[in-house]
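One-letter residues, chain by chain:
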Amino acid sequence: MGKLIDISEFASKQIKEMLAQNDDDNLFLRVGVVDGGCSGLSYDLKLDDIQTEDDLYLEIREVKVLVDSRSIEFLEGLKIDYLVQGMTGGFTMDNPNVKASCGCGASFRTATYRGKAQKC
């Protein structure tokens, strides 16, 4: 098995800045997948201060990351980057498990799971 998740150097800088703005040393980046979106599954990236027994803990480029066990199969090989476009920027996900995605790229499905599609 390769790396479960990789975070680019630029994305890790952005995440560290977000963490620093919250001034809480107990925050993690939670990376997961939830049902929803027009293709069936959506990424769930958020800051969280609670680690459960169902979470896998990773440290990637000095960022503390939690992945809930249900999401692991959908995220193996995920690459998180940060892209600046004009005056805005945002995180991008390059996921080798995706078999189909919507136009915005925030919703997807895999070969083995379609999720529960909802209107965006």
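Quick note: structure is the one above.
Residues numbered from 1 in each chain as written. Predicted model: local features only at pLDDT ≥ 70, side-chain atom pairs only at ≥ 80, totals over all residues. Heavy atoms only, no water.

## What to know about the packing of aromatic side chains
Evaluated as defined, the whole model comprises three aromatic pairs. Judged by centre distance (5.7 Å) and plane angle (70°), the rings of Phe10 and Tyr82 are edge-to-face. With a gap of 72 residues between them, Phe10 in helix H1 (residues 9-22) and Tyr82 in strand S6 (residues 78-85) connect regions that are remote in the sequence. Ring geometry for Phe28 and Tyr57: centres 6.1 Å apart, planes at 85°, overall edge-to-face. Linking Phe28 in strand S2 (residues 28-35) with Tyr57 in strand S4 (residues 55-60), this pair joins segments that are 29 residues apart in sequence. On the basis of relative accessible area, Tyr57 is assigned to the partly exposed category, the value being 35%. Ring-pair connections join several aromatic residues into one group, and the members of that group are Phe10, Tyr82 and Phe91. Over the aromatic face of Phe28 sits the side chain of Lys64, whose NZ or CZ is 5.2 Å from the ring centroid. (Phe/Tyr/Trp six-rings, centres within 6.5 Å; stacked < 30°, edge-to-face > 60°. Helix = DSSP H or I, 4+ residues; strand = E, 2+ residues; numbered from the N terminus. Buried < 20%, exposed > 50% of the residue type's maximum accessible area, 1.4 Å probe, protein only. Lys NZ or Arg CZ within 6 Å of the ring centre and 35° of its normal.)

## Thoughts on the pairing of S6
Within a regular strand, the side chains alternate between the two sheet faces. Direction of pairing for strand S1 (residues 5-7) relative to S6: parallel, over a ladder of three bridges. Within S6, the residue paired with Ile7 across the bridge is Ile80. When S6 meets strand S7 (residues 88-94), the two strands line up antiparallel, connected through seven bridges. Of the residues in S7, the one forming a bridge with Asp81 is Thr92. (Pairing = 2+ DSSP bridges.)

## Some points on the nonpolar core
One broad trend across soluble globular proteins is that nonpolar side chains are buried collectively. Counting 22 residues, the largest nonpolar core has Ile5, Ile7, Val31, Val65, Val67 and Leu75 as its most contacted members. At the level of secondary structure, the elements contributing two or more residues to this core comprise S1, H1, S2, strand S3 (41-48), S4, strand S5 (63-68), helix H2 (72-75) and S6. Sequence-distant contacts of Ile5, that is, excluding residues within four places in its chain, are made with Val31, Ile60, Val67, Leu75, Leu78 and Ile80. (Core = buried A, V, L, I, M, F, W, Y, C linked by side-chain atoms within 4.5 Å. Contact = heavy atoms within 4.5 Å.)

## What to know about H1
Spanning 14 residues, H1 covers 20 Å between terminal C-alpha atoms, matching the ideal 20 Å at 1.5 Å per step. Burial in H1 covers these residues: Ala11, Ser12, Gln14, Ile15 and Leu19. One face of H1 carries all of its buried residues, which in axial projection span an arc of 160°. In H1, the exposed positions that point more than 90 degrees away from the buried face belong to Ala20 and Gln21. Residues of H1 that are buried in the fold lie against S1, S2, S3, S5, S6 and S7. A positive phi of about 50° marks Asp23, the residue just after H1. (Expected span 1.5 Å × (residues − 1). Arc of directions from axis to C-beta.)

## As for the side chain of Ser8
Position of Ser8 relative to the elements: it lies in the loop between S1 and H1. A distance of 2.6 Å separates polar atoms of two side chains, one belonging to Ser8 and the other to Asp81. (Polar contact = N/O pair within 3.5 Å; in protein donor to acceptor, adjacent residues only side chain to side chain.)

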